[in-house]
Amino acid sequence: MSKRIEVDDLNVYYSKFLAVEGVSMNIEPRSVTAFIGPSGCGKSTLLRTLNRMHEAIPGAHVQGEVLLDGEDLYGPGVDPVLVRRQVGMVFQRANPFPTMSIRENVLAGVRLNNKRMSKSDADDLVERSLVGANLWNEVKDRLDKPGSGLSGGQQQRLCISRAIAVSPEVLLMDEPCSALDPISTLAIEDLIDELKQEYTIVIVTHNMQQASRVSDRTAFFNIAGTGKPGKLIEYDETSKIFSTPSVQATEDYVSGRFG
Ligand SMILES: Nc1ncnc2c1ncn2[C@@H]1O[C@H](COP(=O)(O)OP(=O)(O)OP(=O)(O)O)[C@@H](O)[C@H]1O
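All values reported here derive from a predicted model rather than from experimental measurement.

Engineer: What am I meant to see in the overall build of the protein chain here?
Structural biologist: Looking only at helices and strands, the protein chain has ten helices and ten strands in total. The C-alpha radius of gyration of the protein chain comes to 18 Å, within 12% of the 18 Å expected for a compact globule of 259 residues. Along the first, second and third principal axes, the C-alpha set of the protein chain runs to 55 × 45 × 30 Å. The long-range share in the protein chain, meaning contacts at least 24 apart out of those at least 6 apart in sequence, stands at 70%.

Engineer: Would you mind showing me how to read the packing of helix α6 (residues 152-165) against helix α7 (residues 182-195) here?
Structural biologist: Between α6 and α7, the shortest axis-to-axis distance is 9 Å and the interhelical angle comes to 20°. For the element pair α6 / α7, the angle class is roughly parallel. Crossing hand, α6 versus α7: right-handed. In this structure, α6 uses G152, G153, Q156, R157 and I160 to contact α7, whose residues at the interface are S184, A187, I188 and L191. Here the residues of the contact of α6 with α7 sort into four nonpolar, four polar and one charged.

Engineer: Hey, could you run me through the site of the ligand in this one?
Structural biologist: Near the ligand there are 13 residues, and of these Y14, A19, S39, S44 and T45 occur at the shortest range. Where the shell around the ligand is concerned, the elements lending two or more residues are β2 (17-27) and α1 (43-49). Broken down by element, the residue count for the shell around the ligand peaks at three residues, all from α1. Classifying every residue of the shell around the ligand by side-chain character gives five nonpolar, seven polar and one charged.

Engineer: Where do I start with the pairing of strand β6 (residues 87-90) in this structure?
Structural biologist: It is a general feature of regular strands that their side chains alternate between the two faces of the sheet. Burial along β6 is two-sided: V87 and M89 and G88 and V90, pointing in opposite directions, are all buried. Of the pairings in the sheet, the one linking β6 to strand β7 (residues 170-174) comprises four bridges and is parallel in character. What sits directly across from M89, in β7, is L172.

Engineer: Sorry, what's going on with the packing of helix α3 (residues 102-112) against helix α4 (residues 119-132) here?
Structural biologist: In helix packing, the relevant descriptors are the interaxial angle and the interaxial distance, both defined with respect to the helix axes. With their axes 10 Å apart at the nearest point, α3 and α4 run at an angle of 100° to one another. Here α4 runs roughly perpendicular to α3, going by the angle between their axes. For the pair formed by α3 and α4, the contact residues are R103, V106, L107 and V110 on the first element and A122, L125, V126, S129 and L130 on the second. Of the residues belonging to the contact of α3 with α4, the class tally is seven nonpolar, one polar and one charged.

Engineer: Looking at this model, I keep getting lost on the environment of L68. Mind explaining?
Structural biologist: Inspection of the secondary structure puts L68 in strand β4 (residues 60-68). Sequence spacing of L68 and L50 is 18 residues, and the spatial spacing of their C-alpha atoms is 9.0 Å. Those residues in contact with L68 that sit more than four places away from it in its chain are K3, I5, L73, Q86 and E169.

Engineer: Could you clarify how one ought to interpret unusual backbone geometry in this entry?
Structural biologist: Among all residues except glycine, the phi angle is most often negative; among peptide bonds, the trans geometry is most common. Of note in the backbone geometry, S15 takes a positive phi value of approximately 50° without being a glycine. Examined against the element boundaries, S15 turns out to sit in the loop between β1 (5-14) and β2. The exposure class of S15 is exposed, given the 9 C-beta atoms found within 10 Å. One non-glycine residue, D69, lies in positive phi territory at about 45°. Mapped onto the elements of the fold, D69 is located in the loop between β4 and β5 (71-72). Residue D69 is classed as partly exposed on the basis of its 13 C-beta neighbours within 10 Å.

Criteria and cut-off values
- Residues numbered from 1 in each chain as written.
- Predicted model: local features only at pLDDT ≥ 70, side-chain atom pairs only at ≥ 80, totals over all residues.
- Helix = DSSP H or I, 4+ residues; strand = E, 2+ residues; numbered from the N terminus.
- Rg over C-alpha atoms; globule rule 2.2 N^0.38 Å.
- Contact = placed C-beta atoms within 7 Å.
- Axes fitted to C-alpha atoms, helices over the stretch in contact; angles between N-to-C directions.
- Parallel < 35°, antiparallel > 145°, perpendicular 65-115°, else oblique.
- Left-handed = near helix turned anticlockwise from the far one by under 90°.
- Nonpolar A, V, L, I, M, F, W, Y, C, P; charged D, E, K, R; others polar.
- Near = placed C-beta within 6 Å.
- Buried ≥ 20, exposed ≤ 12 C-beta atoms within 10 Å, placed from the backbone.
- Pairing = 2+ DSSP bridges.

Remember, this is a structural readout, not a statement about activity or role.
Structure, rendered in structure tokens:
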């Protein structure tokens, strides 16, 4: 259920603009990898190439390879819809479908995949996904109420249950806690720690403490100036990045001496 990601000499473009240049990295299964770096260095852009969401923007394209357990996501004949089923994504702002019930929100991705299910299978899946996202106890008595009636932190966990309901191999998270209060943030961080038993997780975060709390490895990206491409500067064990990084720019960034 958890796959290895290999990024090989990846260039990421918005039309002619090279936003991210020459990234190569291996991301291990059952681990959490944090992408950190200053605004505009391409963290979210790179994240979106890992499930082919980048190319949903007109003119956006990549050069290079992204392999999932050895298979090139950008190979000929690969269906981006199937890729997105294997590689789920959770966004900065929780985005449950507002008019749908909690139950239907959990099932939304599965329904999109045209999977027909009996009522009892659907009930099982809803329960398993909500338990998996640590939300079941809080919502089990109101599954037919709208998802928009939940708190921000609960909505984010609802989005995580929607993502895991389709049984992905990888979970991408783009600043999943940036709109949450500290208690909800801790709940999501605990959940990330549990989810890594089953999934490969990549998280973009601006919060250094969060990167050091949740991730096994950290990738620091930087940008030489406006209009220049973002680059991967250093990628290592999180403890090393935050204690004895090899590159001065990493040290400056993690110690807050940046810019
Ligand atoms: N849809 C788009 N069209 C054109 N350029 C874009 C688009 N989205 C992002 N960019 C550019 O790509 C570069 C990388 O942006 P990206 O959002 O990936 O950076 P980031 O490191 O995630 O930033 P932040 O930390 O502020 O979210 C920036 O120069 C940005 O302006």
